[in-house]
Amino acid sequence: MDHVLTEPTSSFGNKKCSIHKKVLEYYCSEDDTCLCVSCCLVGKHRGHQVELLDEASEKKKKKLRKYLDKLNPQKAAIQTRIQSLQNQKGKIQEKASEKRKNMNKLFMNIKEQLEIAEKKVLSEISRQEIKMVSKICHLIKKMEIKEDKLSRKMHHVKEMCRVTDPIRLLQQRASLSDKSVEAKEEEAAVSDEEMTDDLEDVLISSILHRSMKDVVTYVTSNFGFHVPDILDILLDVDTAHTYMGLSEDLRTATDLDINQGRPESPGRFQTYCQVLSRCSFSSGRHYWEVEWNQIGDCGIGMCYPSIERNGYQSALDHNDKSWCLFLSDKKCSALYNSVKIILDVNPTCPTLGVFLDYEAGRLSFYELCDPIRHLHTFRASFTEPLHVILYVLDEASVKIRS
């Protein structure tokens, strides 16, 4: 009853020594192998440190349990991470579902507004049509009356022409005054009327434009962000590098590599061909677009007004006061505080969209191709007003689009 029992087996192949054909009873820790008694006494393992299989097995189990104790926290951490990701997945799906509902509602409202706009425009066209057709019908009726009178008069004249009696003919009291001038004048008046009463396209366009503007206002207010008037984002000449060219409307910056002879200014960039916008954003959500001529290098971003104007620190990629998207020949990078993130995109579209959510600390860039592609998003806690900043090099040109 004190014997150690094992499960019955029909094969002892893995329990016997392959050399001496004896039962394996010992374990050699030096060679990590199981031995029979002959291996220990006369085999190549003679003199090695050996121990009974049960003792060696218990030692290995002890090591495995310790290793398992180390693995358990790792597994628990992985399970926690998986649960966290599952929760995030659920939140994203829930948020996407909510956004989908909101978008369905938004587009239903847009469709309603577009239908109202369509009715307004078609109603205006019908109103103008009725008005003009009514005028023309009135003129036609007048002309038909004149035509009838003229026809009767012509018939009477023809009858007089058939009279053979001179006395009778001469005694006829027919009015032969020439009224053709009146007809010509009336015809001319009708022609002028048709010219001046053409459909008023300006009025129709005005109604359509106002309706579309209402739709855009509704959409932007629904999302809670402001699309700045293009006149709001003008470039500040007093900050422009002296080798930078600015368009008359102050919306385009170009590297001319020719000194523009601008006067000294404490706000002017002196080392790099950069310029700030006049306006700044210190709250809210804003969106605007820029266009690159796809020549040379350019940088498009936002920065604090306290950015250095001279030296190494004034470069867009070497300070903690600017966030910039850098575009070069088939390359696109995100720059901030000496950190350069090379983006895995090949920008082929010259037009970019910029979205700023000041309170959320988010600055995002998009390539306005079809479909629109997200390029990069900076995350930060903004502490100063933000100005648009542009950088151009090697004949590059960047335009703030209307």
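As the structure is a computational prediction, the values presented were derived from the model and not from experiment.

Quick notes on the rules
Residues numbered from 1 in each chain as written. Predicted model: local features only at pLDDT ≥ 70, side-chain atom pairs only at ≥ 80, totals over all residues. Heavy atoms only, no water. Core = buried A, V, L, I, M, F, W, Y, C linked by side-chain atoms within 4.5 Å. Buried < 20%, exposed > 50% of the residue type's maximum accessible area, 1.4 Å probe, protein only. Contact = heavy atoms within 4.5 Å. Pairing = 2+ DSSP bridges. Helix = DSSP H or I, 4+ residues; strand = E, 2+ residues; numbered from the N terminus. Axes fitted to C-alpha atoms, helices over the stretch in contact; angles between N-to-C directions. Lys, Arg positive; Asp, Glu negative; His and termini not counted. Salt bridge = Lys/Arg side-chain N within 4 Å of Asp/Glu carboxyl O. Polar contact = N/O pair within 3.5 Å; in protein donor to acceptor, adjacent residues only side chain to side chain. Disulfide = S-S within 2.5 Å. 1 Å grid on protein atoms, 1.4 Å probe; cavity = no way out; pocket = protein on both sides within 12 Å on 5 of 7 lines; lining within 4 Å. Points joined across faces, edges and corners; volume = space filled by probe spheres on them.

Caption draft 1: Here's a closer look at the nonpolar core. Among the nonpolar cores identified, the biggest contains 39 residues, and Trp288 and Ile300 are the most heavily contacted of them. Non-local contacts of isoleucine 300, meaning those with residues more than four positions away in its chain, are made with Val290, Trp323, Cys324, Leu325, Leu327, Leu352, Val354, Phe365, Ile389, Leu390 and Val398.

Caption draft 2: Here's a closer look at the sheet that holds strand β14 (residues 373-379). On the basis of which strands lie adjacent, the open sheet formed by seven strands has the order β4-β5-β16-β7-β12-β13-β14 and antiparallel pairing. Every other strand in the sheet has two partners, leaving β4 (244-246) and β14 as the edge strands with one partner each. Each strand of the sheet is rotated relative to its neighbour by a mean of 20°, with strand direction disregarded. Of the pairings in the sheet, the one linking strand β13 (residues 362-367) to β14 comprises six bridges and is antiparallel in character. What sits directly across from leucine 363, in β14, is phenylalanine 378.

Caption draft 3: Region of the structure containing unusual backbone geometry. One non-glycine residue with positive phi stands out, namely glutamine 294, at about 60°. Residue placement: glutamine 294 occurs in the loop between β7 (285-292) and β8 (297-303). A positive phi angle, close to 70°, is found at glutamate 395, a residue other than glycine. Overall, the relative accessible area of 57% leaves glutamate 395 in the exposed class.

Caption draft 4: The side chain of arginine 268, seen in detail. In this fold, arginine 268 is placed in the loop between β5 (252-255) and β6 (274-276). In this structure, arginine 268 is buried with no salt-bridge partner, the nearest side chain bearing the opposite charge being aspartate 238 at 4.4 Å. At 2.7 Å, the side chain of arginine 268 forms a polar contact with the backbone oxygen of alanine 240. Here proline 263 takes part through its backbone oxygen, which lies 3.0 Å from a polar atom of the side chain of arginine 268. Residues in contact with arginine 268, not counting those within four places in the same chain, are Val237, Asp238, Thr239, Ala240, His241, Thr242, Arg262, Pro263 and Arg309.

Caption draft 5: A look at the pairing of β8. By the criterion of burial, β8 is predominantly enclosed, with seven of the seven residues buried. The two faces of β8 match: Asp297, Gly299, Gly301 and Cys303 on one face and Cys298, Ile300 and Met302 on the other face are all buried. Direction of pairing for β8 relative to strand β9 (residues 322-328): antiparallel, over a ladder of six bridges. Of the residues in β9, the one forming a bridge with isoleucine 300 is leucine 325.

Caption draft 6: Summary view of the state of the cysteines. Taken as a whole and judged by the stated rule, the model has zero disulfides. The thiol sulfur of cysteine 39 is not disulfide-bonded, and the nearest other cysteine sulfur, from cysteine 36, lies at 3.5 Å. Considering cysteine sulfurs only, cysteine 369 is the nearest to cysteine 349, which forms no disulfide, with 5.8 Å between them. The buried category is assigned to cysteine 349, whose relative accessible area is 15%.

Caption draft 7: Structural context of the layout of surface pockets. Here the second largest pocket is characterised by a volume of approximately 470 Å³. Surrounding the second largest pocket, twelve residues form its lining, Thr6, Lys15, Val23, Leu24 and Leu53 being those nearest its centre.

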